[in-house]
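So the chains spell out like this:
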Amino acid sequence: MAYDLIVIGSGPGGYVCAIKAAQLGMKVAVIEKRSTYGGTCLNVGCIPSKALLHASEMFHHAAHGLDALGVEVASPKLNLQKMLAHKDATVKANVDGVAFLFKKNKIDGFQGIGKVLGQGKVSVTNDKGEEQVLEAKNIVIATGSDVAGIPGVEVEFDEKVIISSTGALELEKVPASMVVVGGGVIGLELGSVWARLGAKVTVVEFLDTILGGMDGEVAKQLQRMLAKQGIDFKLGAKVTGVVKSAGGAKVTFEPVKGGDASTLEAEVVLVATGRKPCTDNMGLAKAGVVLDSRGRVEIDHHFQTSIAGVYAIGDVVRGPMLAHKAEDEGVAVAEIIAGQAGHVNYDVIPGVVYTQPEVASVGKTEEELKAAGVAYKVGKFPFTANGRARAMLQTDGFVKILADKETDRVLGGHIIGFGAGEMIHEITVLMEFGGSSEDLGRTCHAHPTMSEAVKEAALATFFKPIHM
Ligand code: FAD
């Protein structure tokens, strides 16, 4: 039977694309090599990491955050197995949810490795080695990404002592010490989990700042907050070796600017230096699908690859490696295939770091505006001046709004603080509609809420905040 659409990969890009296409009336099949749907995000990424971040934050809060509120409890006891079981149950509920939605939308699932044979033809090979050829009018490659090692350094992951993000989601005991190679989002989130549970965590980062590419002021503040929580940082440090040792593993690094090498030993080393697109063993070169210089599938503005009717979305193509970016591309490509005007606004994709405090941003950073020579205004408001934040003892952080100096159009928003990942969306929606900071500053905000700080930061771009 010929399908209207075959999607290879069932992560947030692939599964959302499949559901949207089915909703638009297409006959759809999905090929997935894992035993469950949902991709990296639901199985070993966003969802399990957030389950552990929440649970470890509750543990940390019970130990350190309640006393000042007049809640006196005995020292909390960690039941790591139960915490991991909560994480596993959360994953199961989510991947089962995708399987249910496939059934509901009459999407056929094929388990195995998908290969593109050319225009309109895909093969799927199951774990018994049996191959089946499927035909489709359209094909979407949504194979996502996989753990990347450290460029130029041999790293042997055993997922017990030298671990990737996947191993960091299932350590059987809290290590006494952990070195995290990479001060990006994944390293800081998973490093936070184990630091809160008692590990002595040191982050080794190549750049002079954590969260490279994010607003510099926000990144500095987060580093200060994480240092207060006991995390050490070695910045501007180039890792040249990660090897097993008697006490666990040794990380060798040298100053990027030049100088003597140093070594850190830890019970566990987490390598979180980024991810690479999944394009191996899919027959792409043979089929004539062109990759770019970074190994990603090259696409045009309509997500089409070098072969007509073969599209690609998500982590396997250019752009930020984020689940919601993949989802929005999934919707857009399904609409395009259905003859509609699918579109993703890449200028307005929020990014969240789920540390404590959270960091959230959308649009341009000050660094980017300066580099582009754009004249802009800054409005800032600290949570120390926000009543709700004081009531909750969550005064760390601030909101920063960047607006065009001439037109007042909001160009970027950056928040560090409790609940930043939820608050960022009002700036996101405003930017999607091309709103100004005056629009935001004159919008009535419920009192007392943390979000009032967003309004006050907006007021600060064109006049003065009230509470400062
Ligand atoms: P994936 O989710 O990687 O899915 C691709 C699927 O394709 C996989 O299931 C894979 O098995 C399958 N596949 C690959 N090759 C084949 C083949 N040949 N045949 C059949 N199947 C194949 N992003 C966020 O936005 N927020 C977060 O909080 C967040 N947290 C993260 C935490 C961690 C620890 C990690 C690792 C990532 C996190 N991410 C987060 C990133 C997010 O997971 C990815 O951006 C997202 O999963 C990309 O979606 P995708 O559909 O492109 O690919």
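In this text the structure is predicted, and so the values were computed from the model without any measurement.

**Re the confidence of the model for the chain**
- Here the chain averages 97 in pLDDT, while 100% of its residues score no lower than 70.
- Our summary of model confidence lists the complex with pTM equal to 0.97 and ipTM equal to 0.99.

**Let's talk about the sheet that holds strand β18 (residues 351-353)**
- If you trace the five strands from one edge of the open sheet to the other, you get β18-β19-β22-β21-β20, paired in antiparallel fashion. A single partner strand is all that each edge strand has here, and the edge strands are β18 and β20 (376-382). Strand after strand, the sheet turns through a mean of 10 degrees between neighbouring axes, direction not considered.
- Summarising the sheet, β18 and strand β19 (residues 358-363) pair through three bridges and their orientation is antiparallel. Of the residues in β19, the one forming a bridge with V352 is A360.

**Some remarks on the UniProt feature "active site" (unreviewed entry) in the chain**
- Here, UniProt's "active site" (unreviewed entry) annotation points to H447.
- Turning to its location among the elements, H447 is positioned in the loop between α13 (437-441) and α14 (452-462).
- Using a count of 10 C-beta atoms within 10 Å as the deciding quantity, one classes H447 as exposed.

**Looking at the UniProt feature "binding site: FAD" (unreviewed entry) in the chain**
- Residues annotated in UniProt with the feature "binding site: FAD" (unreviewed entry) correspond here to K50, G114, T143, G144, S145, D315, M321, L322, A323 and H324. For this annotated set, covering 275 residues, the C-alpha atoms extend up to 29.5 Å from each other, a dispersed arrangement in space.
- In this fold, K50 is placed in helix α3 (residues 46-64).
- Excluding residues that lie within four positions of it along the chain, M321 makes contacts with S145, R275 and D315.

**A word on unusual backbone geometry**
- Cis rather than trans, the peptide bond between Q356 and P357 has omega equal to 0 degrees.
- By secondary structure assignment, the location of P357 is in the loop between β18 and β19.
- For K106, which is not glycine, the phi torsion reads 55 degrees and is therefore positive.
- Relative to the helices and strands, K106 is located in the loop between α4 (80-104) and β3 (108-111).

What counts, and at which threshold
- Residues numbered from 1 in each chain as written.
- Predicted model: local features only at pLDDT ≥ 70, side-chain atom pairs only at ≥ 80, totals over all residues.
- pLDDT = per-residue confidence, 0-100.
- Pairing = 2+ DSSP bridges.
- Helix = DSSP H or I, 4+ residues; strand = E, 2+ residues; numbered from the N terminus.
- Axes fitted to C-alpha atoms, helices over the stretch in contact; angles between N-to-C directions.
- UniProt positions renumbered as here; feature names shortened; annotations may be inferred.
- Buried ≥ 20, exposed ≤ 12 C-beta atoms within 10 Å, placed from the backbone.
- Contact = placed C-beta atoms within 7 Å.

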